[in-house]
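Understanding the architecture of this molecule
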Amino acid sequence: MATIKGLHAFIIKEQFRRALEAKNYAFFGLTSKKPWNVNIIGVRSEVDIFNKFDDALLVIYRDSRANWEVRSYSITTDPGKVWQEKPMNSKGCALLVPDQYRGAYKIDLHRGKYEALCQRNKNVRVYRDANLNHEHDRDAGTIDEGMFGINIHRSRSTGEAELVNAYSAGCQVFKNATDFKDFMELMKRSEKRFGNSFTYTLITEGDLIGY
């Protein structure tokens, strides 16, 4: 986990703001200086390393003094080896389609076990990868929309996982348990001010080129 403040945080905020606005996505906290209005942004790596935590999740927000702050975490936005080889869904393994999912998430119990950001409020879109190989296929012709439980949760309960394996069947999954705990503390701060409804934005590394 990295916590970024000051000028560096402002530069990162501007880079992501421009990238999101280029897609007509919302970026929170610009018109109001209220703290903890979080922008939760997943970045899918262009170098897709199968079964690895090779992506990033950033939370960009104003702190209690209305200054911009960024927290960056290591995650996967892709499913792991177990569910890639044996999909839960007969249509194929789920890979979340890059998009902004406004208000689709809330704090709830992941699989009834622990608090996470769970897809409870709105549909999301996923690619369906059904060929059982070790490549994450992203064919627009396979896109499926619905309530699939594409949650944002952790891998191991302590420490960190080296491989994704069964931790993700399409969810956005944290590599490190301490990072996830820090993330959820931020979410609860935001919930107190803005309610239990969260937007998740997934972009690709290429979306940031030029910003």
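In the block above lies the structure referred to throughout.
This text gives an overview of the structure that appears in the document. If you're wondering where the values come from, they're calculated on a predicted model, not measured in any experiment. (Residues numbered from 1 in each chain as written. Predicted model: local features only at pLDDT ≥ 70, side-chain atom pairs only at ≥ 80, totals over all residues. Heavy atoms only, no water.)

With that settled, the discussion passes to the overall build of the protein. Looking only at helices and strands, the protein features three helices and twelve strands. On C-alpha atoms alone, the protein measures out to a radius of gyration of 16 Å, which is about the 17 Å that the 2.2 N^0.38 rule sets for 211 residues. In the protein, 65% of the contacts between residues at least 6 apart in sequence involve partners at least 24 apart. When the accessible surface of the protein is split by element, carbon and sulfur atoms take 47% of a total near 10000 Å². Put simply, the protein has 32 plus and 27 minus side-chain charges, and the middle of one group is 8 Å from the middle of the other. (Helix = DSSP H or I, 4+ residues; strand = E, 2+ residues; numbered from the N terminus. Rg over C-alpha atoms; globule rule 2.2 N^0.38 Å. Contact = heavy atoms within 4.5 Å. Areas by Shrake-Rupley, 256 points an atom, 1.4 Å probe, with all protein chains shown as cover. Lys, Arg positive; Asp, Glu negative; His and termini not counted. Charge placed at Lys NZ, Arg CZ, Asp CG, Glu CD.)

Attention now moves to the nonpolar core. Side chains that are nonpolar tend, in soluble globular proteins, to be buried together. In terms of nonpolar packing, the biggest core is built from 34 residues, with L57, F183 and M187 touching the most fellow members. Counting residues per element, this core draws most heavily on helix α3 (residues 177-194), at five residues. Setting aside its immediate chain neighbours within four residues, L57 contacts I40, I41, G42, R71, S72, Y73, I75, I152, F174, F183 and Y200. Among the nonpolar cores identified, the runner-up in size contains 15 residues, and I12, F16, I60 and V70 belong to it. (Core = buried A, V, L, I, M, F, W, Y, C linked by side-chain atoms within 4.5 Å. Buried < 20%, exposed > 50% of the residue type's maximum accessible area, 1.4 Å probe, protein only.)

A word on the sheet that holds strand β5 (residues 93-96). Here we have three strands laid out as an open sheet, ordered β5-β8-β9, and antiparallel in their pairing. Each of the sheet's edge strands pairs with one partner strand only, and the pair in question is β5 and β9 (144-146). Sheet twist, expressed as the average angle between the axes of neighbouring strands with direction ignored, equals 45°. Here strand β8 (residues 124-129) runs beside β9; their pairing, made up of three bridges, is antiparallel. Pairing of V126 across the sheet is with D144, part of β9. (Pairing = 2+ DSSP bridges. Axes fitted to C-alpha atoms, helices over the stretch in contact; angles between N-to-C directions.)

Along an α-helix, residues three or four positions apart point the same way, because every turn accommodates 3.6 residues. Compared with the 26 Å implied by 1.5 Å per residue over 18 residues, the 25 Å span of α3 between its first and last C-alpha is a close match. Among the residues of α3, those classed as buried are A177, D179, F180, D182, F183, M184, L186, M187 and S190. Where α3 begins, the capping side chain belongs to N176, and its oxygen is found 2.8 Å from the backbone nitrogen of T178. At the exit of α3 stands G195, carrying a positive phi of roughly 90°. (Expected span 1.5 Å × (residues − 1). Polar contact = N/O pair within 3.5 Å; in protein donor to acceptor, adjacent residues only side chain to side chain.)

Here helix α1 (residues 6-21) spans 22 Å end to end across 16 residues, near enough to the 22 Å set by a 1.5 Å rise per residue. Three or more residues of α1 are buried, namely A9, I12, K13, E14, F16, R17, A19 and L20. Against β1 (2-4), β2 (39-44), β3 (55-62), β4 (68-76), β6 (99-110) and β12 (198-204) lie the buried residues of α1.

With that settled, the discussion passes to the pattern of salt bridges. If you walk through the whole model with that rule in mind, you get 17 salt bridges. Residue D144 is joined to R128 by a salt bridge in which the shortest nitrogen-to-oxygen separation is 3.2 Å. In this pair, D144 sits in strand β9 while R128 sits in strand β8, placing the two residues 16 residues apart along the sequence. This pair shows no difference in class: D144 is buried, exactly as R128 is. Taken together, the shared-partner salt bridges connect K13, E14, R17, R18 and E21 into one network. (Salt bridge = Lys/Arg side-chain N within 4 Å of Asp/Glu carboxyl O.)

Reported here for the largest pocket is a volume of approximately 460 Å³. Lining the largest pocket are 24 residues, and of these M88, G149, S168, A169 and C171 lie nearest its centre. When residues of the lining of the largest pocket are traced back to their parent elements, those giving at least two are β5 and β10 (152-154). Taken together, the residues of the lining of the largest pocket sort by class into twelve nonpolar, eight polar and four charged. (1 Å grid on protein atoms, 1.4 Å probe; cavity = no way out; pocket = protein on both sides within 12 Å on 5 of 7 lines; lining within 4 Å. Points joined across faces, edges and corners; volume = space filled by probe spheres on them. Nonpolar A, V, L, I, M, F, W, Y, C, P; charged D, E, K, R; others polar.)

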